[in-house]
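Each chain, written out:
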Amino acid sequence: MKKFLSIVMSIVMLLSITAGVDLSAYASGWGDKAEKIQFNTIYTAEPSTLDAGEHINDMGVTIDRYFDAFQFNVPIKGTVTLNMEAESKYYFPLDYESRIEYIIYNSKDMDNELDVDYRILTAGFSSARDIYYGKYEWTLPAGTYYLVLQYDYNSFWGFDQEGICEFSLSYKPNFSRPSNIKTSSNSYSGFTVNWSKVANVDGYLIKYATKSDFSNAAYAKVANGKTTSKTINGRAANTKYYVKVQAYKKVNGVTYKSKWSETKTVKTLEKKAYIKSISSRANGFTVKWDKVNGKLGYQIRYATKPDFSNAAIIYAGNGNATSKTITGRAARKKYYVQIRSYVKQSNGNYKFDAWSPTKTVTTK
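Conventions and cut-offs
Residues numbered from 1 in each chain as written. Predicted model: local features only at pLDDT ≥ 70, side-chain atom pairs only at ≥ 80, totals over all residues. Heavy atoms only, no water. 1 Å grid on protein atoms, 1.4 Å probe; cavity = no way out; pocket = protein on both sides within 12 Å on 5 of 7 lines; lining within 4 Å. Points joined across faces, edges and corners; volume = space filled by probe spheres on them. Nonpolar A, V, L, I, M, F, W, Y, C, P; charged D, E, K, R; others polar. pLDDT = per-residue confidence, 0-100. Contact = heavy atoms within 4.5 Å. Helix = DSSP H or I, 4+ residues; strand = E, 2+ residues; numbered from the N terminus. Salt bridge = Lys/Arg side-chain N within 4 Å of Asp/Glu carboxyl O. Buried < 20%, exposed > 50% of the residue type's maximum accessible area, 1.4 Å probe, protein only.

Visitor: Hey, could you go over the layout of surface pockets for me, with residue numbers and the actual values?
Guide: Rolling a probe over the atoms, with the probe sized like a water molecule, indicates the empty space that remains. Approximately 240 Å³ is the volume attributed to the largest pocket. In terms of lining residues, the largest pocket is bounded by N186, S187, Y188, L269, K272, A273, Y274, I275, K276, D290, V292 and P357. Here the lining of the largest pocket is composed, by residue class, of 7 nonpolar, 2 polar and 3 charged.

So, in structure tokens, the structure goes:
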């Protein structure tokens, strides 16, 4: 927590009364003395751990300078959040009395402090807990960094340089949410979702529901960051679905997720027969379709006119049939073809589904 405070204080000081510190102020090899830390772990920071000696600050005041240093690693570009708590207000950028400065260095350039923007999420005092707190965040590219907590002490200021604080760092990789979401259905039992690839992710989650608020949502996982399509099967026929996609990445055992994409809709087809494929043969053609459960049989109609005004209709087998070959037609002739399924009702009458979309084929 202390560590966290030091970061915040440094940022504030960089923007206010302190001009920034050159590493020459620290003893040679200071980086070797930095404590290596992990995200989501609480640490204690004591600026008096390392002595940088006596200095003259920007206001011409002679001060004793101390610091504490920590090393952390950012695996891919992301947001680092600092949470800190301390009994002393001097660790927080609440007013001009703050005496702590946070400085950050990239391990590739340890002679110059890194200029990074930070955001104050919250900072204040909890009377219930009698403690000061702060929460801050900044964005860093992949790399190894040093967090230095610098503490300036002067007896006139009247506080103890031995103060400590508790802090923790958390991390969330920055990657965009999936975009260009497209949905389609060529089946009564499912639909397909497509999206644009998101860089540096491990996979995607597809969320779908029949309610627009997703209160009855189900999920499908794509465990490959390079895959940009997923077919969802086993769904209800003739039903509208709401769909959105989320990217995820696992870093050091923690799974991070992007924001959800925009919502798209898709409607599964009515539960009836659809032509799966149609192929030509000498003086005829073969029609194939998927079996539709609960149907008594199928009918096929074909014609040389697109409006089917000269159509012929044949029965294509029982409910288990999935293909029909039609012969004795004219050679090298274009035909328009449709299929439909039917059931027998309790009153003995037959009920036919609507004709499927038209397919064409030219005989050999």
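Visitor: Report on the confidence of the model for the protein, specifying residues and quantitative values.
Guide: Across the protein, the average pLDDT comes to 84, with 84% of residues at or above 70. Scored below 50 in pLDDT, residues 1-25 shows 114 contacts in the model against residues more than four places distant or in partner chains.

Visitor: Go over the environment of S189, please, and point to the residues and values.
Guide: Within the element layout of this structure, S189 appears in the loop between β11 (182-184) and β12 (191-194). C-alpha separation for the pair S189 and T268, spaced 79 residues apart in sequence, amounts to 6.5 Å. When near neighbours in sequence (up to four residues on either side) are disregarded, S189 contacts I232, N233, G234 and R235.

Visitor: If you had to explain the pattern of salt bridges to someone new, which residues and values would you point to?
Guide: Counted under the stated rule, the structure contains 5 salt bridges. For K276, the salt bridge is made with D290, and the minimal N-O distance between the two is 3.5 Å. Residue K276 is located in strand β19 (residues 275-281), and its partner D290 is located in the loop between β20 (284-289) and β21 (297-303); the two are separated by 14 residues in the primary sequence. Looking at D290, the relative accessible area reads 44%, which means it is partly exposed. One salt bridge connects K295 with D353, and the closest N-O pair in it is separated by 2.9 Å. Pair noted here: K295 is in the loop between β20 and β21 and D353 is in the loop between β25 (350-352) and β26 (359-362), with a separation of 58 residues, a long-range link. For the pair K295 and D353, one class covers both residues: buried.

Visitor: Tell me what's going on with the environment of K276, and back it up with residues and numbers.
Guide: Overall, K276 belongs to the exposed group, its relative accessible area being 59%. When the C-alpha positions of K276 and K359 are compared, they lie 9.5 Å apart, and in sequence the two are 83 residues distant. With near-sequence residues (within four places) excluded, K276 lies in contact with K288, W289 and D290.

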